[in-house]
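Here are the chains, one letter per residue:
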Amino acid sequence: ALAQAVHWNYSVEALALILPIGLSFHTFQSLSYVVEVYRGNQKAERHFGIYSLYVMFYPQLVAGPIERPQNLLHQFHTEHAFDDKRVEDGLKLMAWGLFKKVVIADRLAMMVNNVYNHPTQFEGIPLIIATVFFAFQIYCDFSGYSDMAIGAAQVMGFRLMDNFNRPYFSRTISEFWKRWHISLSTWFRDYLYIPLGGNRVSNARRNFNLFFTFLVSGFWHGANWTFIAWGALHGAFLVIGNETRQRRERLKRSIGIEPGARLNRLLQTLFTFAIVCFAWIFFRSRSIHEASYVVTHLFSGIRTQIPMALHNTNGARDSIVYLGEGKWVFGLAILGILAMEGVHVLQRHMQMRRMLAEKPAWLRWSVYYGLVLSILLFGVFNKTSFIYFQF
């Protein structure tokens, strides 16, 4: 606009390259340093090179995890000698992250994109499957990046914080946010929610603090009403959950479901996953209009779609269930999700890497070779960027 105003015949397309990569992530990391130094919890770093390395540490630069100065800065003052066991552990984690990205996330993306790029052409079962698939796509995409970032840092001798902890096993939205994008959720907790008063205020003010924090979290993801709606939904889920907790417990007891019963835990997990998926509709949609269409047509036409899919009338199963990608793509995606969730179940009490270290060499190396071969044979290598690169 300035060039046009002064009649300057100059192309400014290259300015698109000037926007720093990972802007929001290293801005938040810098802010945490400023706040912690101001509070007196962290000594100011006088070495400009080390401070720059803290802000722009390459493994987690583009998409986190967002580190704190107390955890990372002192590691840059320490000499890290080569340790083959540490390098091996880091490479294993990087391989696992790559598996989640190229074998699961990018394969799911093929089917999710077919629906969400043209949502008004679908209704019912395809919208439901695409929404559930996107939940796993964004998890595998983002946690896969985090695993590779943490693994790459570990190879060089640095310890980054864990960013995900089996979030879809959560039984409440509050627990979900203790397991999902942990570095961001704790950042908002420490630097926004608690300064607003946190839990040390009236119930009404606490609900406002929760809702406002998640509204800001939605805005952090992008200047689009879909992200605002996504953040507002999670804030509303938390407020409603807090306000109805006692009533829900009384209702469960009245119908014979004890709080600690296995059935209760299963129902809580399934319900939490369902409302998280519902919120993902707004996150994935390109506009509020498209999100509204998906929400209002989630259960449309299911009665006619089920018999058509079961009997594959006119090849309906391909578009209704397989989302236009065929049964092999669909089947491999399902197998990938099951394999990942199987690993999650196994490592409830111990990391898989530690668990495998105690097994015989033939079993360990069979798993390692199987992981690498599955990446090479079943990975989708179409240069699909990470979802969180855009934030």
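These numbers come from a predicted model, not from an experiment.

Trainee: I keep staring at helix α9 (residues 203-221) and nothing clicks. Help me out?
Mentor: Since the α-helix packs 3.6 residues into each turn, any two residues three or four apart lie on the same face. Helix length check: α9 (19 residues) gives 28 Å between terminal C-alpha atoms against 27 Å at 1.5 Å per residue, within 8%. Restricting attention to buried positions, one finds in α9 the residues Asn207, Asn209, Leu210, Thr213, Phe214, Ser217, Gly218, Trp220 and His221. Residues of α9 that are buried sit in contact with α2 (23-39), α7 (173-179), α8 (182-193), α10 (225-254) and α11 (262-284). In the stretch just after α9, glycine 222 is the one whose phi turns positive, near 160 degrees.

Trainee: I keep staring at the nonpolar core and nothing clicks. Help me out?
Mentor: As a rule of thumb, nonpolar side chains are buried together in soluble globular proteins. In terms of nonpolar packing, the biggest core is built from 91 residues, with Phe133, Ile138, Tyr168, Trp180, Trp280 and Tyr388 touching the most fellow members. For this core, the leading source of residues is helix α6 (residues 125-155), giving 15 residues. If sequence neighbours within four positions are ignored, tyrosine 168 has contacts with Ala135, Phe136, Ile138, Tyr139, Phe176, Trp180, Thr269, Phe273, Val276 and Trp280. Judged by nonpolar contacts, the second largest core, of 13 residues, contains Tyr33, Phe57, Phe76 and Phe158.

Trainee: What am I meant to see in the confidence of the model for the protein here?
Mentor: One rule of thumb: low pLDDT means the predicted coordinates there are not for detailed reading. Mean pLDDT over the protein: 91, with 97% of residues reaching 70 or higher. Per-element confidence in the protein is highest for helix α12 (residues 288-296), whose mean pLDDT is 97, and lowest for helix α1 (residues 2-5), whose mean pLDDT is 76.

Trainee: What am I meant to see in the packing of α6 against helix α15 (residues 326-346) here?
Mentor: In contact at an axis separation of 12 Å, α6 and α15 are set at 55 degrees when each is read in the N-to-C sense. The orientation of α6 relative to α15 falls into the category oblique. The chirality of how α6 crosses α15 is left-handed. Facing α6, whose interface residues are Ile129, Phe133, Phe136, Tyr139 and Cys140, α15 presents Phe330, Ile334, Ile337, Met340, Glu341 and His344. Grouping the constituent residues of the contact of α6 with α15 by class yields nine nonpolar, one polar and one charged.

Thresholds, definitions, all that
- Residues numbered from 1 in each chain as written.
- Predicted model: local features only at pLDDT ≥ 70, side-chain atom pairs only at ≥ 80, totals over all residues.
- Heavy atoms only, no water.
- Helix = DSSP H or I, 4+ residues; strand = E, 2+ residues; numbered from the N terminus.
- Expected span 1.5 Å × (residues − 1).
- Buried < 20%, exposed > 50% of the residue type's maximum accessible area, 1.4 Å probe, protein only.
- Contact = heavy atoms within 4.5 Å.
- Core = buried A, V, L, I, M, F, W, Y, C linked by side-chain atoms within 4.5 Å.
- pLDDT = per-residue confidence, 0-100.
- Axes fitted to C-alpha atoms, helices over the stretch in contact; angles between N-to-C directions.
- Parallel < 35°, antiparallel > 145°, perpendicular 65-115°, else oblique.
- Left-handed = near helix turned anticlockwise from the far one by under 90°.
- Nonpolar A, V, L, I, M, F, W, Y, C, P; charged D, E, K, R; others polar.

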